[in-house]
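The primary structure of each chain is shown beneath.
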Protein chains: 2
Amino acid sequence: MVGTDSGSGSSAKRKRADARRNEETLLDAAAAAFVTSGVDVPVRDIAARAGVGIGTIYRHFPTRADLIVAVYQHQVEACAEAGPTLLANSSTPHAALVRWIDLFVDFLVTKHGLAEALQSDDAAFETLHAYFIDRLVPVCARLLDAAATAGEIRPDMDAYELLRGVGNLCIGADHNPRYDARRMVGLLTEGLRLR
Amino acid sequence: MVGTDSGSGSSAKRKRADARRNEETLLDAAAAAFVTSGVDVPVRDIAARAGVGIGTIYRHFPTRADLIVAVYQHQVEACAEAGPTLLANSSTPHAALVRWIDLFVDFLVTKHGLAEALQSDDAAFETLHAYFIDRLVPVCARLLDAAATAGEIRPDMDAYELLRGVGNLCIGADHNPRYDARRMVGLLTEGLRLR
DNA sequence: CCAACATACGGAACACGGTTCCGCATGGCA
DNA sequence: TGCCATGCGGAACCGTGTTCCGTATGTTGG
């Protein structure tokens, strides 16, 4: 699992039935609201969509970050797990790295406002930061290490820094036809290459 | 000059003396506030610092963007003017491009929150966007063009997109010792290179 | 089945920051 | 000096995050 344990996990003292139901409903409502209004959608809107009071949402997900993490956990997990797979199945480590970063970019640019939230220094997004870093930095580090060992890229690249840079490049990628985050990220990974 | 004409310009019907004084005071207060609290400092704080009412600040600078533009106009101007100079004085167009982008990055990372504001899609920052784009994109385009003509970089790079990417990379550059925007931007310009 | 308790709920109320608006003050001018 | 356009202050309003408590309801022991 993943640590937050804010889900239907089997641990602890088993919550009340209505509480579990509400948590589920909220997750669905939030997912839908994120799609239509971005991850910055007002808390009240999510509550209204779920048909619950504002207090309920705060009780289950004390910060917006908790809600975002819960909604996107599966996808982040999938991305993390894709790392080793790509490394095993790609022609070179650098190719694996590029493909993995593509996955990450795909994920970010299709979630309205997520890239912004990810880089925000607002304390409310602390756990969001932490989750992404915990889960993805090690994967990225492994890919970087493999590529560096193979002599394909410069050896001094820090995984955290790279992910942060990639995340930054994804900001505003939706809602701006003149800006193509993928191309920019491509430039970045190209610049990483040893020549 | 620059178009906004929100300064002590000699055009129009010459404002009242107290109004001109207030505008000056506000500019100073805002500059100081931006330094200590970032460009997101509450409007009330700037007003308080300047010793004026809230209405006054809105009268002179209808949006936060107007204030930011007014405060940083000189520096943006200097950056824009440095473009041709660098092109004339550098060993190669690519070197000029890199040095110019360094200038831009230096400017952005030393203004707490400016990079964020620059990429925000909030309507309030519309004029900020517009000003930076109007002033800097042509300069960048000229540098890109020179470098492309010299065969140093790929010829398909759009100036707006590059500046946007660079701006994005500068987000969160202050207040995060683990992230070095300069290095990331360096990677980007390296990736631009033809090899 | 019922009582009693822990748990969870709803939403009013508060905090905060942006923005508007209008009655009042004042600089500039005849 | 008196008049008027210009400018000023800040109360008030709005949207949104967040807290808190009286009430409702699931759960469990008798």
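Scroll up a little and you will see the structure.
Model, not experiment: these values are computed from the prediction.

How do you make sense of the overall build of chain A when you look at a structure like this?
The secondary structure content of chain A amounts to nine helices and zero strands. If you list the helices and strands of chain A from N to C, you get α-α-α-α-α-α-α-α-α. Taking the principal axes of its C-alpha atoms as reference, chain A extends roughly 60 × 40 × 25 Å. The long-range share in chain A, meaning contacts at least 24 apart out of those at least 6 apart in sequence, stands at 65%.

Before we go on, may I ask you to explain the nonpolar core in this structure?
One finds Val 166 and Cys 170 of chain A together with Val 166 and Cys 170 of chain B to be the most contacted residues of the largest nonpolar core, which totals 124 residues. Those residues in contact with Cys 170 of chain A that lie beyond four places of it in its chain are Val 105, Leu 108, Val 109, Ala 115 and Ala 181 of chain A.

Mind showing me how you'd approach the interface of chain B and chain A here?
It is common to report an interface's size as the accessible area lost on association of the parts. Listed per partner, the contact involves 21 residues of chain B and 21 residues of chain A. Contributing elements (two or more residues each) for the side of chain B that touches chain A: α8 (159-169) and α9 (181-192) of chain B.

Before we go on, may I ask you to explain the protein's contact with DNA strand D in this structure?
In the region of DNA strand D, 22 residues are neighbours, and Asn 22, Val 52, Gly 53, Gly 55 and Thr 56 of chain B sit closest. Contributing elements (two or more residues each) for the surface near DNA strand D: α1 (17-37), α2 (43-50) and α3 (54-60) of chain A together with α1 (17-37) and α3 (54-60) of chain B. At four residues, the largest contribution of residues to the surface near DNA strand D is made by α3 of chain B. For the surface near DNA strand D, the residue count by class is nine nonpolar, five polar and eight charged.

Which parts of the structure should I look at to understand α2 of chain A?
Helical geometry: 3.6 residues make up each α-helical turn, so side chains three or four residues apart lie on a common side. Residues and elements named next belong to chain A. Listed in full, the buried residues belonging to α2 are Ile 46, Ala 47 and Ala 50. All buried residues of α2 project into a common sector of 100 degrees when viewed along the axis, lining one side. Where α2 is buried, its residues meet α1 and α3. Where α2 terminates, the next one or two residues include Gly 51, which has phi positive at roughly 70 degrees.

So, how was this worked out
Residues numbered from 1 in each chain as written. Chains lettered and ligands numbered in written order. Predicted model: local features only at pLDDT ≥ 70, side-chain atom pairs only at ≥ 80, totals over all residues. Helix = DSSP H or I, 4+ residues; strand = E, 2+ residues; numbered from the N terminus. Contact = placed C-beta atoms within 7 Å. Core = buried A, V, L, I, M, F, W, Y, C linked by C-beta atoms within 7 Å. Buried ≥ 20, exposed ≤ 12 C-beta atoms within 10 Å, placed from the backbone. Near = placed C-beta within 6 Å. Nonpolar A, V, L, I, M, F, W, Y, C, P; charged D, E, K, R; others polar. Arc of directions from axis to C-beta.

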